[in-house]
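Here is what each chain is made of, one letter per residue.
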Amino acid sequence: MSTLDLPLVLAGVMVVCLTLYVIMGGADFGGGVWDLLASGPRRHQQRALIADVISPIWEANHVWLIIVVVILFTAFPKAFSTLAVGLHIPLSLMLVGVVLRGSAFTFRAYDSRRDTVQRRWGVMFAGASTITPVLLGICAGAVASGQIGAARTGDFTALYVTPWMTPFALLTGVLTLCLFAFLAAVFLTVEAEPGALQDDFRARALWSALALGAAALALRWSAQTAAPHVSAGLTRGVLPWAVLLTTAVISVICFTALWTRRYRLARGSAVAQVTLIIWGWAFAQHPYIVPETLTIEAAAAPTVTLRLLLIALCVGTVILVPSLWYLFRVFSAGKHEKHE
Amino acid sequence: MAISLAFHIIFAVVGIGMPALMVIAEWRWTRTGDPVFLDLARRWAKGTAILFAVGAVSGTVLSFELGLLWPKFMEWAGPIIGMPFSLEGFAFFTEAIFLGIYLYGWDRISKQAHLAAGVMVAVSGAVSGIFVVIANAWMNAPTGFDVVNGLPVNIDPIAALFNDAAFEQTLHMTLAAYAATGLGVAGIHAWFVRRDPTNAFHRRALQVALIVGVPAALVQPLSGDLSARDVAKRQPVKFAAMEAHFETSGNVPFVIGGIPNAETGELQYAIKIPNALSLLMTGSASTVIPGLDAVPPEDRPPVGVVHIAFQVMVALGSYMALLSLWVVWHWVRKREFSRTPLLLMGLILGAPFGIIAVEAGWIVTEVGRQPWIVHNLIRTADAVTPVPGLIVPMVGFTLLYAFLGVVVVALLRRQIIRSPGAPMEGFETREFAVLPAKPE
Ligand code: HDD
Ligand code: HEM
Ligand code: HEM
């Protein structure tokens, strides 16, 4: 390639950031789901571990979402406005979830230790952590299905509700929830000290892996009619099949690793699995950014903007990577000695 | 959007100012070994944690709202002003990362590293504020493109970054953040010092807060004057609305207060200093200053709101500057911070003034720009989303913010304001059980 295909590169960077958001931010939401579902004799320890792990990092993890939005409106302004109009309702609801999740989590940490007070914020935090991923998934599913921007005439429902109120989009919402919960459970097996608590999260990881698998199969099946473009993209040529096969193999590895208590391996393969799912979707959707309405090319901002944005992102990365590395190092070293 | 912004700006201001206070207190602790300073840094850090979380989530709402409410504006302006927003994104990253380290790393990293993390938070907070205000300044002074058939071409994002209003606005805003936070916190602690004059904790808190707030409040009127001159050149209609100057004329008086009547074009109940505005702006009493009548009525902003908001900002700014002058004067003579009851009363009264002035200043900037969303280029009404029923999300988010506001105030009272003397509540929580690391 003599000249860089800038729109494609930036779309790629956006998918990288989205992947990072799903892996890091998604796991924080998943932690909230397990807070909601905490049960058994160790439910207090379960909640405490989740809070300990999330507290120092959730705000940094959350910034990935903001970066995705910023890239979207700078590099693909037409896509941003199309999505913001078509998905106005689920996005607004998702924002309410984002606000409630973050603030309730913080309020719980700083409010009275009394059980009733803790419980109240806990329920709000956990509830919002469960609903928000579903809404995020609905938005993603609506995009993949090619319904956004398709209906240009009609009443309020036809324009602003029907495009995302579809079985396919709802199923994507469920998948996203399972995915986040699965990631969180796998990560928590690594964070927990060996013993009963770790086993609690192992069981949760295994069950959510099964749920995730079921949701993924159902979604793949439903995509044939509901998301024809993406579905076709998943069967075109050798590459998609290779990706599909790899994902399947990695899922088996992950499940086996959990079964045999090799948690670090399980964590690595869970991350790989999620990455493949998102990139599979991105490749299948190519060349569209909003399937069958806007291509990456057509939505792209002028070249100057793209080039400068790419430079800014590179410079930012140089600052970001060491900072993030430091953050995770500070909070993973000597974890097990604390609180004793 | 205006409501989200008005809510977010409170947290943004505190998010810029508080880290500075925290870091100065911690630095004083490393220098003097006085454990009171450490206690102070820790308590302020807890307050910052609460405020930061709410600031972060309300900021997230804003970045989506730009599209949810103004899709046409973003489609138009995104490629031009996306640059400061993306740089701002990285500033958020460093701010969130180092705040995490600062809040939860007390017993995990060395003292120097901890202090450095605090400095990173303070710097990136200021930088993120600067970037977003640059984006806003561009809406007042759009540059870096040509318009052909109603669409921007020949885009130059770098020129947009260095637009004409950027310097004045970012300077004024950054100073405002330090002045509002510094004097706000000083006012709160002054209240406790007044009740309990020997309390070492509140005396030191007052001292640190004044170190941040006083210099900023002193230069703020100068920076405001710079802004006003800039507005007069760049947006004469906004300037006319600020001054409630209806008819283009010379020998314009300088007005203080008053209620403008847009129907009759009169300003009632104002104190007028003859010729002073013309003199002030140009050095000559006879210079003609364009009034609101320079443009057709549909291009005029709501003069009442703009004029009153401007008067409020200037009045509060003058109060804060005079108060600061008093503090400095006392310090120069006596080499110590004054704690005379009258000054303490003045500080207590002035505690909310900074935030009120910030809100008023933003109303001047934003409402004064109306009916344009981008000065003289795009009308706000043309940029709004086609989605109907916007009243629903507006009411919804307002209620949500009201709820969060109430909770935040309650928690802040609980966490930091409660006078040490009584043990700090919540000691049994895990994160903070290991208090205080021994000063060497
Ligand atoms: C602590 C807060 C505070 C204080 C004491 C002042 N201001 Fe201010 N002012 C702001 C906080 C603020 C602000 C909220 O930060 C604004 C809104 C937009 C901006 O950049 O700064 C602002 C805007 C603003 C503008 C409009 C700029 C524009 O539209 O581009 C002018 C002309 C002034 N100010 C002038 C003044 C003067 C003459 C003051 C004299 C005391 C003053 N301000 C005190
Ligand atoms: C943080 C303090 C701010 C406050 C309190 C504020 C408040 C307001 C107000 C009162 C209006 C006018 C509403 C009207 O009369 O129609 C407005 C307009 C607007 N402002 Fe701001 N603003 C702030 C900062 C910003 C910034 C930093 C940006 C962008 C970078 C921005 C973007 C807009 C837009 C797009 C409009 C036009 C749409 C509207 O009328 O709401 N504002 N804002
Ligand atoms: C259109 C206007 C605005 C948008 C889109 C916006 C966006 C955001 C976002 C996304 C965050 C969250 C970052 C995180 O997770 O850490 C945030 C926080 C922040 N914003 Fe804004 N913002 C706007 C206006 C402003 C203004 C006018 C300022 C003032 C100078 C400002 C200063 C800050 C600061 C300092 C933070 C850090 C969080 C805190 O300490 O509270 N923002 N903003």
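In what follows, the structure referred to is the one given above.
What counts, and at which threshold
Residues numbered from 1 in each chain as written. Chains lettered and ligands numbered in written order. Predicted model: local features only at pLDDT ≥ 70, side-chain atom pairs only at ≥ 80, totals over all residues. Heavy atoms only, no water. Near = heavy atom within 4 Å. Polar contact = N/O pair within 3.5 Å; in protein donor to acceptor, adjacent residues only side chain to side chain. Helix = DSSP H or I, 4+ residues; strand = E, 2+ residues; numbered from the N terminus. Nonpolar A, V, L, I, M, F, W, Y, C, P; charged D, E, K, R; others polar. Contact = heavy atoms within 4.5 Å. Donors = N, O, S within 2.8 Å, 3.2 Å for Na, K, Ca; no water. Tetrahedral: all angles 85-135°; square planar, octahedral: opposite > 155°, others 65-115°. Buried < 20%, exposed > 50% of the residue type's maximum accessible area, 1.4 Å probe, protein only. Core = buried A, V, L, I, M, F, W, Y, C linked by side-chain atoms within 4.5 Å. Salt bridge = Lys/Arg side-chain N within 4 Å of Asp/Glu carboxyl O. Patch = residues over 30% accessible without salt bridge, like charges linked within 9 Å, V, L, I, M, F, W, Y side chains within 5 Å. Areas by Shrake-Rupley, 256 points an atom, 1.4 Å probe, with all protein chains shown as cover.

Draft legend 1. A look at the site of ligand 1. Residues and elements named next belong to chain B. The environment of ligand 1 is formed by 24 residues, the closest being His-172, Lys-238, Met-313, Val-358 and Thr-365. The contact in question runs from a nitrogen atom of ligand 1 to an N or O atom on the side chain of His-172, over 2.8 Å. A distance of 2.7 Å is found between an oxygen atom of ligand 1 and a side-chain nitrogen or oxygen belonging to Lys-238. Listed by contribution, the elements that provide at least two residues to the shell around ligand 1 are helix H6 (166–195), helix H7 (200–234), helix H8 (236–242), helix H10 (303–334) and helix H12 (353–369). Class assignment of the residues belonging to the shell around ligand 1 gives a composition of 12 nonpolar, nine polar and three charged.

Draft legend 2. Seen up close, the interface of chain A and chain B. Each partner contributes to the interface: chain A provides 66 residues, whereas chain B provides 65 residues. Our count for the contact surface shared by chain A and chain B stands at five residue pairs in polar contact (both at pLDDT 80 or more). Elements with a contribution of two residues or more to the side of chain A that touches chain B: helix H2 (43–54), helix H3 (58–75), helix H4 (77–86), helix H5 (88–110), helix H6 (115–144), helix H7 (156–160) and helix H14 (303–332) of chain A. Element by element, the count of residues in the side of chain A that touches chain B is highest for H14(A), at 16 residues. Broken down by class, the residue content of the side of chain A that touches chain B amounts to 44 nonpolar, 15 polar and seven charged.

Draft legend 3. Representation of the coordination of the iron atom of ligand 3 within the structure. Donor atoms from the protein around the iron atom of ligand 3 number only one, B:His8 (NE2), found at 2.2 Å. Take B:His8: it is sitting in helix H1 (residues 2–32).

Draft legend 4. The coordination of the iron atom of ligand 1, seen in detail. All names here are of chain B. The iron atom of ligand 1 binds to the protein through His-172 (NE2) and Met-313 (SD), with metal-donor distances spanning 2.0 to 2.3 Å. Classification of the site at the iron atom of ligand 1 as octahedral follows from its six donor atoms and the range of 83 to 180° in their angles at the metal. Placement of His-172 in helix H6 and of Met-313 in helix H10 is noted, with a sequence separation of 141 residues between them. The class of His-172 is buried, set by a relative accessible area of 18%.

Draft legend 5. Focus on the nonpolar core. Of all hydrophobic cores here, the largest spans 209 residues; its most connected members are A:Phe76, A:Ile289, B:Trp44, B:Phe73 and B:Trp138. Residue contributions to this core peak at 18 residues, all from helix H2 (residues 35–69) of chain B. Among the nonpolar cores identified, the runner-up in size contains 23 residues, and B:Ala241, B:Met281, B:Ile289 and B:Val364 belong to it.

Draft legend 6. Summary view of the pattern of salt bridges. This structure, assessed with the given rule, holds nine salt bridges over all chains. A salt bridge links A:Arg42 to A:Asp200, with the nearest nitrogen and oxygen atoms 2.8 Å apart. Taken together, the residues span a long stretch of sequence, with A:Arg42 in the loop between helix H1 (6–36) and H2 and A:Asp200 in helix H9 (residues 196–226) at a distance of 158 residues. With relative accessibility at 25%, the residue A:Arg42 sits in the partly exposed group. One salt bridge in this structure joins B:Asp34 and B:Arg204, with 2.5 Å as the shortest N-O distance. Of the two residues, B:Asp34 is situated in the loop between H1 and H2 and B:Arg204 in helix H7; the sequence distance between them amounts to 170 residues. Residue B:Asp34 is classed as buried on the basis of its relative accessible area of 15%. Residues participating in the shared-partner salt-bridge network are A:Asp35, A:Arg47 and A:Arg108.

Draft legend 7. Spatial organisation of a nonpolar patch on the surface. Residue and element names in this part refer to chain B. There is a patch of nonpolar side chains on the surface, built from Ile-3, Ile-391, Val-392, Met-394, Val-395 and Leu-399 and spanning about 560 Å² of accessible area. Among the elements that make up the nonpolar patch, the one with the highest residue count is helix H14 (residues 391–417) (five residues). With respect to the helices, strands and loops of the structure, Val-392 is situated in helix H14.

Draft legend 8. The arrangement of the site of ligand 3 in detail. In the vicinity of ligand 3 lie 26 residues, with B:His8, B:Phe52, B:Gly59, B:Phe92 and B:Val132 positioned nearest. The local environment of ligand 3 is shared, drawing residues from chains A and B. At 3.5 Å, a side-chain N or O of B:Glu95 approaches an oxygen atom of ligand 3. Looking at the shell around ligand 3, the elements that each hand over two or more residues are H3 of chain A together with H1, H2, helix H3 (71–104) and helix H4 (111–140) of chain B.

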